[in-house]
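What follows is each chain in one-letter form.
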Amino acid sequence: MDEDEKLIIRLRKEIGELEERLRAVEKEQRMIREDILSGEAISRMKKRLLNSPLENINEVKKKIDKQIEIKI
């Protein structure tokens with residue numbers, strides 16, 4: 001593989017990750033809209049956060065930790 005092919009593969013992977021993040025943000029935005037329109041936004045948001053499976057939260061944290069790079 002030459003440099004161009006490696007770059008294309010890396011860009012495709014990054015685009016896929018960005019699309020995944022965008023879908024997650026859009027889903028959360030829809031849920032927040034529903035919460036606000038229901039008139040019980042705070043209680044519905046708390047309920048949703050409390051009902052989230054703990055395993056899923058841990059997976060998300062690990063995934064975010066891998067993506068975050070701290071450079072000094």
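Preceding block: the structure.
Residues numbered from 1 in each chain as written. Predicted model: local features only at pLDDT ≥ 70, side-chain atom pairs only at ≥ 80, totals over all residues. Heavy atoms only, no water.

Chemist: Whenever I open this one, the overall build of the protein chain confuses me. Can you help?
Modeler: For the protein chain, the count of helices and strands is three helices and zero strands. Tracing the protein chain from N to C terminus, the helices and strands come up as α-α-α. For the protein chain, with 72 residues in total, the buried portion stands at 1%. Approximately 7200 Å² of the protein chain is accessible, and the part contributed by carbon and sulfur atoms is 58%. (Helix = DSSP H or I, 4+ residues; strand = E, 2+ residues; numbered from the N terminus. Buried < 20%, exposed > 50% of the residue type's maximum accessible area, 1.4 Å probe, protein only. Areas by Shrake-Rupley, 256 points an atom, 1.4 Å probe, with all protein chains shown as cover.)

Chemist: What exactly am I supposed to notice about the side chain of Asp-35 here?
Modeler: You can see Asp-35 is positioned in helix α1 (residues 3-38). The buried category is assigned to Asp-35, whose relative accessible area is 2%. Of the polar contacts made by the side chain of Asp-35, one reaches the side chain of Arg-44; its length is 3.0 Å. If we skip the residues at most four places from it in the chain, Asp-35 touches Glu-40, Ala-41, Arg-44, Met-45 and Arg-48. (Polar contact = N/O pair within 3.5 Å; in protein donor to acceptor, adjacent residues only side chain to side chain. Contact = heavy atoms within 4.5 Å.)

Chemist: Would you mind going over a nonpolar patch on the surface with me for this structure?
Modeler: On the surface, Leu-7, Leu-11 and Ile-15 cluster together into a nonpolar patch covering about 250 Å² of accessible area. Among the secondary structure elements, Leu-7 is positioned in helix α1. (Patch = residues over 30% accessible without salt bridge, like charges linked within 9 Å, V, L, I, M, F, W, Y side chains within 5 Å. Salt bridge = Lys/Arg side-chain N within 4 Å of Asp/Glu carboxyl O.)

Chemist: Can you help me understand the packing of α1 against helix α2 (residues 41-51) in this one?
Modeler: The description of two packed helices rests on the angle between their axes and on the distance between the axes. Viewed as axis vectors pointing N to C, α1 and α2 meet at an angle of 140°, and their least axial separation amounts to 7 Å. Taken together, α1 and α2 sit at an angle that is classed as oblique. Contacts from Glu-28, Met-31, Ile-32, Glu-34, Asp-35, Ile-36 and Ser-38 of α1 reach α2 at Ala-41, Arg-44, Met-45 and Arg-48. Within the contact of α1 with α2, the residues separate by chemical class into five nonpolar, one polar and five charged. (Axes fitted to C-alpha atoms, helices over the stretch in contact; angles between N-to-C directions. Parallel < 35°, antiparallel > 145°, perpendicular 65-115°, else oblique. Nonpolar A, V, L, I, M, F, W, Y, C, P; charged D, E, K, R; others polar.)

Chemist: So what exactly am I meant to see when it comes to a negative patch on the surface here?
Modeler: Taken together, the side chains of Asp-2, Glu-3, Asp-4 and Glu-5 make up a negatively charged region of the molecular surface. By the secondary structure assignment, Glu-5 is in helix α1. Residue classification places Glu-5 among the partly exposed positions, given a relative accessible area of 40%. (Lys, Arg positive; Asp, Glu negative; His and termini not counted. Charge placed at Lys NZ, Arg CZ, Asp CG, Glu CD.)

Chemist: Sorry if this is basic, but what is going on with the pattern of salt bridges here?
Modeler: Once their charged atoms are close, side chains differing in charge can pair, the charge on each being opposite to the other. Scanning the entire structure with this criterion turns up two salt bridges. Arg-10 serves as the salt-bridge partner of Glu-14, at 3.1 Å between the closest nitrogen and oxygen. Of this pair, Glu-14 and Arg-10 both sit in helix α1, four residues apart, which is roughly one turn of that helix. For Glu-14, a relative accessible area of 35% translates into the label partly exposed.

On their own, these measurements won't tell you what the molecule is for.
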